[in-house]
Amino acid sequence: MHDTIPPSYRSVINREWRPSAVYAIRYATRPTALRREHFYGHDDCGDNLMPIDYFVWLIAGPGAAILVDAGFTPETALARHGREHLGSPLEVADKLGYPLESIPSVVVSHAHYDHTGYLPALSGARIHLQQKELAFWTGPHAKQQMYRDIVDEEDVVTIVRSNFAGGVDLYDGDAWIAPGVSAHLVGGHTAGTQVVRVALPSGEVVVIASDSSHFYENEGARRPFSIAHTVPTMFDAFDRLGQLALRADGGSGILLPGHDPAVKDLFPIALADDPTVAGRLWRIA
Ligand SMILES: [Zn+2]
């Protein structure tokens, strides 16, 4: 892992910048989802309801924030059955004091449609992505229907265009995004799925697992999600999450799954006095 900050960040996120808080922003939900959609292979209770929430995450710091993932838009929610859009995650970021111009970076965990939708709106932010992820979606298998169905073609094109313009940092493995914030290739769910580790000055560690564990149950019960690039690598990813969550004091930090409604009950509501963000914002640490 290199220990320098990419030159492009020095104007906004410099060596003095440190992450001060991590927020989960819930931008959509699908209450009619079923258990069998969330686990690889057969599930005895597969027809039971198991609602799924959709999040992006904001890593806050003095004067600038890093976004992890870019959600999907209300138009996509309409086009894809059953999804209820709750409002732009960028509006919520603004309410937290981070308007677009204070978000210099967006780390994209992987390129599925529900993680890329606001990238066009974030055109001023650098995109941090794994090489393997972009290679897959611009490679020979992207034409297969099961893969095409799960990305938004225009979002992939947005990433490619941004790359030509010098706006994408592509990694092969582990990388520093900013002081205290690192990205880690785990693969499994997609060819280049990455997770984000945030080490807060308090000593607390937050690992944003995103879709390397959609629900706590995927990681906790060692049951990979239904959509898999390589299943054995998903098990390796579960192990890696545990390692990355270790704090300097030997304790375990906080793991944030990609889509688990339990996040709403486990962490305190942020901006609780603001009804415009009700049901959409939690302070993780
Ligand atoms: Zn997802």
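So, here is what we can say about the structure in this document. Note that the structure is a prediction, hence the values are computed from the model and not measured. (Residues numbered from 1 in each chain as written. Predicted model: local features only at pLDDT ≥ 70, side-chain atom pairs only at ≥ 80, totals over all residues. Heavy atoms only, no water.)

Most of strand β9 (residues 181-185) sits inside the fold, with five of its five residues counted as buried. Taking every second residue as pointing to the same face, both faces of β9 are buried, with V181, A183 and L185 on one and S182 and H184 on the other. Here strand β8 (residues 174-178) pairs with β9 via four bridges, running antiparallel. Across the sheet, the residue bridging to A178 is V181, located in β9. The antiparallel hairpin formed by β8 and β9 contains two residues in its connecting segment, where G180 sits at a positive phi of about 85 degrees. Pairing geometry for β9 and strand β10 (residues 194-199), over five bridges, is antiparallel. In the sheet register, V181 faces β10, and the bridge partner there is V198. (Buried < 20%, exposed > 50% of the residue type's maximum accessible area, 1.4 Å probe, protein only. Helix = DSSP H or I, 4+ residues; strand = E, 2+ residues; numbered from the N terminus. Pairing = 2+ DSSP bridges.)

To continue, consider the nonpolar core. Note on soluble globular proteins: their nonpolar side chains tend to be buried together. Y23, L58, V106, L122 and I127 are the most contacted members of the largest nonpolar core, which has 49 residues in total. Of all the secondary structure elements, the ones that give two or more residues to this core are β1 (21-30), β2 (52-61), β3 (64-68), α2 (89-95), β6 (126-130), α3 (131-137) and α5 (153-164). Filtering out sequence-adjacent residues up to four positions away, Y23 remains in contact with V56, W57, L58, A60, L96, A270, L281, W282, R283 and I284. Within the second largest apolar cluster, 28 residues are counted, among which are W57, V68, V107 and A178. (Core = buried A, V, L, I, M, F, W, Y, C linked by side-chain atoms within 4.5 Å. Contact = heavy atoms within 4.5 Å.)

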